[in-house]
Amino acid sequence: MTKQEAKQRIEKLKRFINQQRYQVHVLDRSDLSAVALDSLKKELFDLENSFPDLVTADSPTQRVAGVPLEKFDKVEHTQPMLSLQDAFSEQDILDWEARITKLLSAKENEGLDYFCELKFDGLAVELIFREGLLTIGATRGNGLVGEDVTCNLKTIEAIPLSLRGEDEIVSGLKAAGLAEVFQSFKAAEELVIRGEALISKKEFAKINQQQMAAGLVAYANPRNIAAGSIRQLDSKITAQRKMDFYAWDLVSDFGQKTHEQEHLVLKILGFKIHPAAKRCSNIDEVIRYREYWLKHRDRLPFEIDGVVVQVNNNKLFDKLGVAGKSPRAAIAFKFPLREAQTMVQNIIVQVGRTGAITPLAILKPVAIGGVTVSRATLHNEDEIQRLGLKIGDTVIVGRAGDVIPDILRVLRELRTGREKSFKMPHACPVCGTPLVRKEPDVIWRCPNQKCKARQRRYFYYFVGRAAFDIDGLGPQIINQLLDYGLLSDPADLFTLQETDLLNLERFAEKSAHNLVKAISAKKRIRLSRFIYALGIEGVGEETAQDLANIFRSLRKLRAVSLEDLLKIKDIGPKTAKNIHQFFRKKDNIVFLEKLFRVGVKVENTSPKSDSQKLSGQTFVLTGTLSTLERERAKEMIRRQGGNVSESVSSDTDFVVVGENPGSKFDKAKKLGVKIINETEFLAFIE
Ligand SMILES: [Zn+2]
């Protein structure tokens, strides 16, 4: 290939690869596979290797530069990169609107509209293009002077190394109806834009995993990684970090009238903008916009910490000017913080339903995400050790969704020396019974079944959603009922009278009537819920459902032998033992009888009559079944479409083996027919 041919080929490859970048990153659609694109890049790389003087700065091969830098050069911003004032509440944003409208004339206020966009949790940077080529990329720095991080920003595929071709831009402007507004636009001129370098949640998690695996400290948030990656002296490291970029500001003035137009033009020039950005015609729309993204932020692949609101009209934006270090016409309308700093005033322990002791941090009350938080779970003794937490420490508390907050970090640097270490108590704080901890369990437990704290927790559990599901009966009412001595065990709930409730706080005739009715309505209960409500250790919702499916009636479950329980596939030996023991303890027998006496009716699980899932399968039964009569078993198979045969042959699909099986068992073994026991059979036909 001659040099002239190589030059032409290189130009074509560059243009094509850049167009593909625009397709993928800006338009979010691609008609070329990543493999194909890589092979084109490889060809370009090889050609440039043969003709090194044909390498240009905007070549896609130049994204990762060779040598690490000693330090970053300083870059003066053409216009200061101002920071934004924060608004946290609706009132804040209304106050902001009142402040700006006061500075504008009545006529100016008439058509006042806003532009809203996502506030990325990343690093703001400025990009300068000269003659269409990315020349400088800089951090915000102190707002006036930043650092030249061009070679690191070049590693981000979403950032174009050159603007799109002039012809593409002109036709893009025409199509968007912006040709007149931007008639002074010349790609050859200097172009300054701003945007955000950021990292996805997925990449954030991946990097933190690597950090931990290497024994390093995990990053606290994606912004920290973004900043750390952009301020890397070795751009090879930045390149590994798969960063993203969204443009949000066109600084150069080409006659654009609104911020909305700037977003449109940025896209036409070749930058990625986020489609959530939108014009809002009044402040109510702005408030709704933020509300929407507060609710849906988890759908985004990256973190945002609020929305940015600004006056859409650029003339008015400039007229409103700057106050302190921030423009008056823009504001960061933030989401409530999900993290806050506070102090641990005390550490107490809580006794759970199964006797598990959970340490809790009592916090100086602090608002997190719109909720005041005054306690955080510490999970167990080991967690306190891991955090190195002492009473009196200043801590960072975080809340995810609606769960009880966790302590994320202890700020040891702020210690005064008066902090006190926490010692796990040796006895239950409620009943005084010595606590036990069986290795490898990390949890200490109060072993006393009659412990008042355990009983209280059991009440909450018994009426809970997955158990008896009694409407309007929360912990507060249960506490009152217990304190008034109206309940000794959950069976007493079903004998409560309206007059009992009228003595309690906040109860009137109507509410008392409703609660008694709500309790009574739940006397009939499905077997699975009832089993769950018994609170047998190791029996969660799933296991309770399994047991209900297998045994179908409480009578059969109570009668089952430990041996048969141990045969059930999904139930471990410990849980099997717990179940077996539960129904043989005197207290529990008394409790069950009491439940039935007060009117609780457990509905047996009915077999599914319409299922045909055994269709075409042949069963042979041998030996004595313990929970089923043979005729009943046959009926169950037939009802689900299966066949029952008296002799084993190669056509037999399953042989169900009970106690003392006969010759059929041996024959099945010889023929290699699948052999199942009774419990497996019961689970199978479910
Ligand atoms: Zn206790």
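Note: the structure precedes this text.
These numbers were taken from a predicted model, which means no experiment stands behind them. (Residues numbered from 1 in each chain as written. Predicted model: local features only at pLDDT ≥ 70, side-chain atom pairs only at ≥ 80, totals over all residues. Heavy atoms only, no water.)

**As for the pattern of salt bridges**
Moving on, step 1. Tallied over the full model, the rule gives 35 salt bridges.
Moving on, step 2. The partner of Lys14 in a salt bridge is Asp58, and the shortest N-O contact between them spans 3.8 Å. Highlighted residues: Lys14 in helix 1 (residues 3-26) and Asp58 in the loop between helix 2 (34-50) and strand 1 (74-76), separated in sequence by 44 residues.
Moving on, step 3. Its relative accessible area of 4% is what places Lys14 among the buried residues.
Moving on, step 4. Given the relative accessible area of 14%, Asp58 is considered buried.
Moving on, step 5. With a shortest N-O distance of 2.7 Å, Arg223 and Asp121 are connected by a salt bridge. Here Arg223 is found in helix 8 (residues 222-230), whereas its partner Asp121 is found in the loop between strand 3 (114-120) and strand 4 (123-130), with 102 residues between them in sequence.
Moving on, step 6. Overall, Arg223 belongs to the partly exposed group, its relative accessible area being 30%.
Moving on, step 7. Overall, the relative accessible area of 13% leaves Asp121 in the buried class. (Salt bridge = Lys/Arg side-chain N within 4 Å of Asp/Glu carboxyl O. Helix = DSSP H or I, 4+ residues; strand = E, 2+ residues; numbered from the N terminus. Buried < 20%, exposed > 50% of the residue type's maximum accessible area, 1.4 Å probe, protein only.)

**Notes on the coordination of the zinc ion**
Moving on, step 1. Taken together, Cys428 (SG), Cys431 (SG), Cys446 (SG) and Cys451 (SG) make up the full set of protein donors to the zinc ion, lying 2.2 to 2.4 Å away.
Moving on, step 2. Note that the zinc ion binds 4 donor atoms; their angles at the metal cover 97 to 116°, and the shape is tetrahedral.
Moving on, step 3. Each donor residue of the zinc ion belongs to the same chain, with the gaps between them written as C-x2-C-x14-C-x4-C. Of this pair, Cys431 sits in the loop between strand 18 (406-410) and helix 14 (452-462) while Cys446 sits in the loop between strand 18 and helix 14; the two residues are 15 residues apart in sequence, bridging distant segments of the chain.
Moving on, step 4. Residue Cys431 is classed as partly exposed on the basis of its relative accessible area, which comes to 30%. (Donors = N, O, S within 2.8 Å, 3.2 Å for Na, K, Ca; no water. Tetrahedral: all angles 85-135°; square planar, octahedral: opposite > 155°, others 65-115°.)

**Considerations on the sheet that holds strand 8 (residues 244-250)**
By way of backbone hydrogen bonds, the strands of a sheet pair with one another, either parallel or antiparallel.
Moving on, step 1. Ordered by their spatial adjacency, 4 strands build an open sheet running 5-4-7-8, and the pairing between neighbours is antiparallel. Of all the strands in the sheet, just strand 5 (133-139) and strand 8 have a single pairing partner and so form its edges. Looking at each pair of strands side by side, their axes are set apart by 35° on average, direction ignored.
Moving on, step 2. Bridge analysis of strand 4 against strand 5 gives 6 bridges, and the strand direction is antiparallel. Residue pairing across strands places Ile128 opposite Ile136, the latter belonging to strand 5.
Moving on, step 3. Along the sheet face, helix 10 (residues 259-269) touches strand 7 (191-198) and strand 8 and points at about 135° away from the line of strand 8. (Pairing = 2+ DSSP bridges. Axes fitted to C-alpha atoms, helices over the stretch in contact; angles between N-to-C directions. Contact = heavy atoms within 4.5 Å.)

**Let's talk about the nonpolar core**
Across soluble globular proteins, you tend to see nonpolar side chains buried next to one another.
Moving on, step 1. By size, the foremost hydrophobic cluster in this structure holds 72 residues, and its most contacted members are Phe462, Leu473, Leu493, Phe530, Leu547 and Phe681.
Moving on, step 2. Contact partners of Phe530, with chain neighbours within four places excluded, come to Phe468, Ile525, Leu554, Leu592, Leu595, Phe596, Val600 and Val602.
Moving on, step 3. Leu127, Leu163, Ile199 and Leu250 belong to the second-largest nonpolar core, a separate cluster that totals 39 residues. (Core = buried A, V, L, I, M, F, W, Y, C linked by side-chain atoms within 4.5 Å.)

**Some thoughts on the pairing of strand 24 (residues 674-677)**
Moving on, step 1. Note: strand 23 (residues 654-657) against strand 24, 4 bridges, orientation parallel. By the bridge assignment for strand 24, Val655 is matched with Ile675.
Moving on, step 2. Between the parallel pair strand 23 and strand 24, the chain is carried across by helix 25 (residues 663-671), and the sense of this crossover is right-handed. (Right-handed = clockwise from strand over helix to strand, strands pointing away.)

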